[in-house]
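One-letter residues, chain by chain:
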Amino acid sequence: MLRIFIIAIEIGVLILLLRSPYVQYLFSDVQLSLSDWLTELSLAAERQELSELRESVEHVTGAMREYQQDYWNDVTSTKLKLINFNKLYCVNGDKNPYIYGNNLRVVCSAIQSSQLLD
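Residues numbered from 1 in each chain as written. Predicted model: local features only at pLDDT ≥ 70, side-chain atom pairs only at ≥ 80, totals over all residues. Heavy atoms only, no water.

Asker: So what exactly am I meant to see when it comes to the overall build of the chain here?
Answerer: Each helix and strand in the chain was counted, giving six helices and zero strands. In the chain, the succession of helices and strands from N to C terminus is α-α-α-α-α-α. In terms of overall dimensions, the chain is more spread out than a globule: its C-alpha atoms have a radius of gyration of 26 Å, far above the 13 Å expected for 118 residues. Projected onto its principal axes, the C-alpha positions of the chain cover 85 × 25 × 25 Å. For the chain, with 118 residues in total, the buried portion stands at 23%. When contacts within the chain are restricted to residue pairs at least 6 apart in sequence, long-range pairs at least 24 apart make up 54% of them. (Helix = DSSP H or I, 4+ residues; strand = E, 2+ residues; numbered from the N terminus. Rg over C-alpha atoms; globule rule 2.2 N^0.38 Å. Buried < 20%, exposed > 50% of the residue type's maximum accessible area, 1.4 Å probe, protein only. Contact = heavy atoms within 4.5 Å.)

Asker: I tried to follow the state of the cysteines on my own but got confused; where do I start?
Answerer: Put plainly, a disulfide is one covalent bond tying together the sulfur atoms of two cysteines. For the coordinates displayed, the defined rule picks out one disulfide. The disulfide that involves Cys90 links it to Cys108, with 1.9 Å between the sulfurs. Every disulfide takes its handedness from the sign of the S-S torsion; for Cys90 and Cys108 that torsion is -80°, giving left-handed. Highlighted residues: Cys90 in helix α5 (residues 79–91) and Cys108 in helix α6 (residues 101–113), separated in sequence by 18 residues. (Disulfide = S-S within 2.5 Å.)

Asker: Help me understand the packing of aromatic side chains, please; the structure alone is not making it clear to me.
Answerer: The relative placement of two aromatic rings is captured by the distance of their centres and the angle of their planes. Overall, the coordinates contain five aromatic pairs when judged by the stated rule. One aromatic cluster in this structure is built from Tyr67, Tyr71, Trp72, Phe85, Tyr89 and Tyr98. (Phe/Tyr/Trp six-rings, centres within 6.5 Å; stacked < 30°, edge-to-face > 60°.)

Asker: Explain a negative patch on the surface to me, please; I cannot follow it from the model alone.
Answerer: Together, Glu49, Glu52, Glu55, Glu58 and Asp118 make up a negatively charged patch on the protein surface. Tracing the backbone shows Glu55 in helix α2 (residues 21–56). (Patch = residues over 30% accessible without salt bridge, like charges linked within 9 Å, V, L, I, M, F, W, Y side chains within 5 Å. Areas by Shrake-Rupley, 256 points an atom, 1.4 Å probe, with all protein chains shown as cover. Salt bridge = Lys/Arg side-chain N within 4 Å of Asp/Glu carboxyl O. Lys, Arg positive; Asp, Glu negative; His and termini not counted. Charge placed at Lys NZ, Arg CZ, Asp CG, Glu CD.)

Asker: What should I look at first to understand the packing of α5 against α6 in this one?
Answerer: Between two packed helices, what matters for the description is the angle formed by their axes and the separation of those axes. At their nearest, the axes of α5 and α6 sit 10 Å apart, and the two run at 130° to each other. By the angle between their axes, α5 is oblique relative to α6. Remark: the crossing between α5 and α6 carries left-handed chirality. Of the residues in α6, those in contact with Leu82, Phe85, Asn86, Tyr89, Cys90 and Val91 of α5 are Leu104, Val107, Cys108, Ile111 and Gln112. Grouping the constituent residues of the contact of α5 with α6 by class yields nine nonpolar, two polar and no charged. (Axes fitted to C-alpha atoms, helices over the stretch in contact; angles between N-to-C directions. Parallel < 35°, antiparallel > 145°, perpendicular 65-115°, else oblique. Left-handed = near helix turned anticlockwise from the far one by under 90°. Nonpolar A, V, L, I, M, F, W, Y, C, P; charged D, E, K, R; others polar.)

Asker: What exactly am I supposed to notice about the packing of helix α4 (residues 66–75) against α5 here?
Answerer: Their axes nearest at 8 Å, the elements α4 and α5 cross at an angle of 115°. When the axis of α4 is compared with that of α5, the two are roughly perpendicular. Of the residues in α5, those touching α4 at Tyr71, Trp72, Asp74 and Val75 are Lys81, Leu82, Phe85 and Tyr89. Residue composition of the contact of α4 with α5, grouped by class: six nonpolar, no polar and two charged.

From the geometry alone we can't say anything about function, so treat these as descriptive.
In C-alpha cells, the structure reads:
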C-alpha cells in the first residue's frame, strides 16, 4: 500500500514538474532545434539536385553576362523558384528579359529532364 502511495506521489510530482514554465520552455527550444535540423536535412538533397542542374547547363550559363548568371543562380536557389520559372517561361512561353533564345531552350530542356519537377 505504501508503494502505491509513493508511486502516485512521484507521478504527481512528475506531472507538476513537466507542466512548469521552465520545462515547457526547454522542450520548446529542443523542439525548435530539432525541427530546424530536420528542415536542413530535407533541403540538403534539394540543394544537391539544384547544384547538379546548374552544372549540367554550365556550358550555356558560363557564356552569359554576370547579371544573367546572378539571375540564374537566384532561380536555382530553391526548388519553388525553379518550378515557377519553368511554369512561366518554359511551359507558358512568357518572355524572359534575362534568359532567352537558345539559352532558354537549353535551360528548359535541362529543367524538364531533371527530377526537380516531380
